Amino acid sequence: MAYSLISKGICWVTFIYMVLVSHSCNGFYLPGSYMHTYSPGEEIYAKVNSLTSIETELPFSYYSLPYCKPHGGIKKSAENLGELLMGDQIDNSPYRFRMNINESVFLCTTSPLSEHEVKLLKQRTRDMYQVNMILDNLPAMRYAQQNGVKIQWTGFPVGYTPPNSNDDYIINHLKFRVLVHEYEGTRVEIIGTGEEGMGVISEADKEKASGPGYEIVGFEVIPCSVKYDPEVTAKLHNYDNVTSSNCRELDKSQIIREQERVSFTYEVEFVKSDIKWPSRWDAYLKMEGARVHWFSILNSLMVIFFLAGIVFVIFLRTVRRDLTRYEELDKEAQAQMNEELSGWKLVVGDVFREPNHSKLLCVMIGDGVRITGMAIVTIVFAALGFMSPASRGMLLTGMIILYLFLGTIAGYVAVRLWRTIKGTSDGWKSVCWSVSCFFPGIIFVILTALNFILWGSKSTGAIPISLYFILLLLWFCVSVPLTLLGGLLGTRAEPIQYPVRTNQIPREIPDRKYPSWLLVLGAGTLPFGTLFIELYFILSSIWLGRFYYVFGFLLVVLLLLVIVCAEVSVVLTYMHLCVEDWRWWWKAFYASGSVALYVFLYSINYLVFDLQSLSGPVSAVLYLGYSLIMAIAIMLSTGTIGFLMSFYFVHYLFSSVKID
């Protein structure tokens, strides 16, 4: 909460400063990108992102295929940390648009296709690779009818293969439909927060604002394949006008084969629209399956009320009754009763005994607090609209920055728990270093293994060596010092005092009819029940290229998940104490943390049944590697929530017992 308030304060200070600088600001959009108003005839160039496919999940550079290149050479757009990690590679392109001028334009003709280029084009076509084009920060959108339902995609295919045919055809003619909204304001200065960076409209833009202007509010494309006469196109130059093409005749499509010269053309049609600039992303973010989201929340609420009922019974009927009866007895009666005690009261001398691998437990709790804080703050900011989809990679970048700076809290919690368990601060630096290296180290090892696979495939998804050094620099120059600072604060904080003394000789734990780990694993099904429906939408957004922007629902589900994890862990801890099992520390952690196992199994289920098109072992290994990272993060987060709640419960329970 403190970090959220600080972040909001910084945002407001920045905003007020920009208003004072700009003198007369009439509009501020959050979320959004830098709004650009174009005058009639003004040139706008589209950009191209990496080629992507839901079949391989291996992104490749747009210019890895024989496409037309811009005159001034290929120039990469500035990319943030999130974009680089996601495999985005945004380059300039030769596709030129002139505001409010409808035209049909010739772009270029390639040299005769070589054997390697033909093989690459055919492979990308059959792997269903999509070209992702961007105009004024809007992705190109394609509509199609399927079983009478209008379906939308972002991007267009590299090529297509007709049914019952061995021939492949390249998409070489694009029909663009650009939706524009006539600019209604005059001399308005606008603050931008998107990919163009924070800024105020320039003096040149101020002059344009006083005249007629247009905002781009939609970008649609219809892909076609057209066979052109090489003798005719040989006489054409870049941006020469050509006649409009009909792309419905298969015999006039451009086949992919050796020595073919492919000509690229495009048409542009500008259409006036009533859509206003702040609403232009609505078409991309249409929330599908709202009823399913509500069902997910209602399902979670039922689980919560069920568990809350159990906790209520435990506290009011069992614990309170026992404690009240115990406190009403005089000392002689208590001494006699101690000999006849059963259940959780018998383990009073062992319940706070140091657990096995206590250092590892402190490290995992510290990392779990950090991941939980990162998730909550990120989702709150996203739900409030601070992380717009127009700002590509900002969600991942924000998560990384939050993770780094929450190292202070992670170090503090881990070291304070270490002092509570050990009764001394000795070894706190080792605990802090372990917290700094445990989860990041696991991610580093997995990502490095996956990166070798991506490097071997020459994919843009591979992390560049330079980015590796940046991440290592952030790790050891930001995360580690902040974690050590948190640990230092933890050594100065008062350790949590146990309410009862621990016996020197451990109490023997009675034999049980069934192993306790079975109960721990079964407990994970309840938190998973609150999560699995939303998990489907998240996986679909990651692996099927869909936009996920229902962060309001996700925030509610996250809060419900926290409550369920806390309740499950408390109930399971109480059940173990009732059968005289005082080794509750790790069981409390894994009672709620075992949800990660079900998440990973569900990810495998999603791979088998929903990602059937995913081709090749490389894609499957990538998918499983990323799913494993997600499952480990969920285990640390949910396990920490369950453990901290159980610790508070046990501390409260035994602080009410008056035993010397």
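What you see is a predicted model, and the numbers here were worked out from it, not measured in a lab. (Residues numbered from 1 in each chain as written. Predicted model: local features only at pLDDT ≥ 70, side-chain atom pairs only at ≥ 80, totals over all residues. Heavy atoms only, no water.)

Asks: Break down helix H17 (residues 595-609) for me, with residues and values.
Replies: The terminal C-alpha atoms of H17, which comprises 15 residues, lie 21 Å apart, in line with the 21 Å expected from a rise of 1.5 Å per residue. Residues of H17 that are buried: Val595, Ala596, Val599, Tyr602, Ser603, Tyr606 and Leu607. Viewed along the axis of H17, the buried residues span an arc of 145 degrees, placing them on a single side of the element. Those residues of H17 hidden inside the fold are in contact with helix H14 (525-543), helix H16 (585-593) and helix H18 (617-655). (Helix = DSSP H or I, 4+ residues; strand = E, 2+ residues; numbered from the N terminus. Expected span 1.5 Å × (residues − 1). Buried < 20%, exposed > 50% of the residue type's maximum accessible area, 1.4 Å probe, protein only. Arc of directions from axis to C-beta. Contact = heavy atoms within 4.5 Å.)

Asks: Residues and numbers for the nonpolar core, please.
Replies: Among the nonpolar cores identified, the biggest contains 148 residues, and Tyr95, Phe97, Met133, Phe176, Phe219 and Phe654 are the most heavily contacted of them. Beyond its immediate chain neighbours, meaning those up to four positions away, Tyr95 contacts Ile44, Tyr45, Ala46, Tyr62, Leu107, Met133, Leu174, Phe176, Phe264 and Tyr266. Counting six residues, the second largest nonpolar core, distinct from the first, contains Ile400, Leu404, Leu467 and Tyr468. (Core = buried A, V, L, I, M, F, W, Y, C linked by side-chain atoms within 4.5 Å.)

Asks: Give me the pattern of salt bridges: which residues, what numbers.
Replies: Taken as a whole and assessed by the stated rule, the structure comprises 15 salt bridges. Notably, a salt bridge pairs Arg98 with Glu103, separated by 2.8 Å at the nearest N-O pair. With its nearest N and O atoms 2.8 Å apart, the salt bridge here joins Glu354 to Lys422. With a gap of 68 residues between them, Glu354 in the loop between helix H7 (331-339) and helix H8 (358-383) and Lys422 in helix H10 (residues 407-422) connect regions that are remote in the sequence. With relative accessibility at 36%, the residue Lys422 sits in the partly exposed group. (Salt bridge = Lys/Arg side-chain N within 4 Å of Asp/Glu carboxyl O.)

Asks: Could you give an account of the packing of aromatic side chains, naming the residues involved and the relevant values?
Replies: Scanning the model with the defined rule gives 33 aromatic pairs in all. Ring centres of Tyr95 and Phe176 lie 6.0 Å apart, and the angle between their planes is 80 degrees; on these two criteria the pair is classed as edge-to-face. Residue Tyr95 is found in strand S3 (residues 91-98), and its partner Phe176 is found in strand S13 (residues 173-182); the two are separated by 81 residues along the sequence. Residue Tyr95 is classed as buried on the basis of its relative accessible area, which comes to 4%. A residue is classified by how much of its surface remains accessible, and Phe176, at 2% relative accessible area, is buried. For the ring pair Phe352 and Tyr498, a centre distance of 4.5 Å and an interplane angle of 20 degrees mean the geometry is stacked. Residue Phe352 is found in the loop between H7 and H8, and its partner Tyr498 is found in the loop between helix H12 (465-492) and helix H13 (516-523); the two are separated by 146 residues along the sequence. Judged by relative accessible area, Tyr498 falls into the partly exposed class, the value being 22%. Aromatic rings pair up to connect Phe444, Phe452, Trp455, Tyr468, Trp475 and Phe476 into one cluster. Residue placement shows Arg96 over the ring face of Tyr239; its charged tip is 4.3 Å from the ring centre. (Phe/Tyr/Trp six-rings, centres within 6.5 Å; stacked < 30°, edge-to-face > 60°. Lys NZ or Arg CZ within 6 Å of the ring centre and 35° of its normal.)

Asks: Can you explain helix H15 (residues 551-578)? Please cite residues and give values.
Replies: Taking 1.5 Å per residue as the helical rise, H15 with its 28 residues ought to reach 40 Å, and the 40 Å between its terminal C-alpha atoms agrees with that figure. Positive phi shows up at Glu580, right after H15, with a value of about 65 degrees.

Asks: Requested: an account of a nonpolar patch on the surface, with residues and values cited.
Replies: There is a patch of nonpolar side chains on the surface, built from Tyr514, Trp517, Leu518, Leu521, Leu597, Leu601, Ile604, Val608, Phe609 and Leu624 and spanning about 920 Å² of accessible area. Elements with a contribution of two residues or more to the nonpolar patch: H13 and H17. Ranked by the residues each element gives to the nonpolar patch, the list is headed by H17, at five residues. Assignment of secondary structure puts Leu518 in helix H13. (Patch = residues over 30% accessible without salt bridge, like charges linked within 9 Å, V, L, I, M, F, W, Y side chains within 5 Å. Areas by Shrake-Rupley, 256 points an atom, 1.4 Å probe, with all protein chains shown as cover.)

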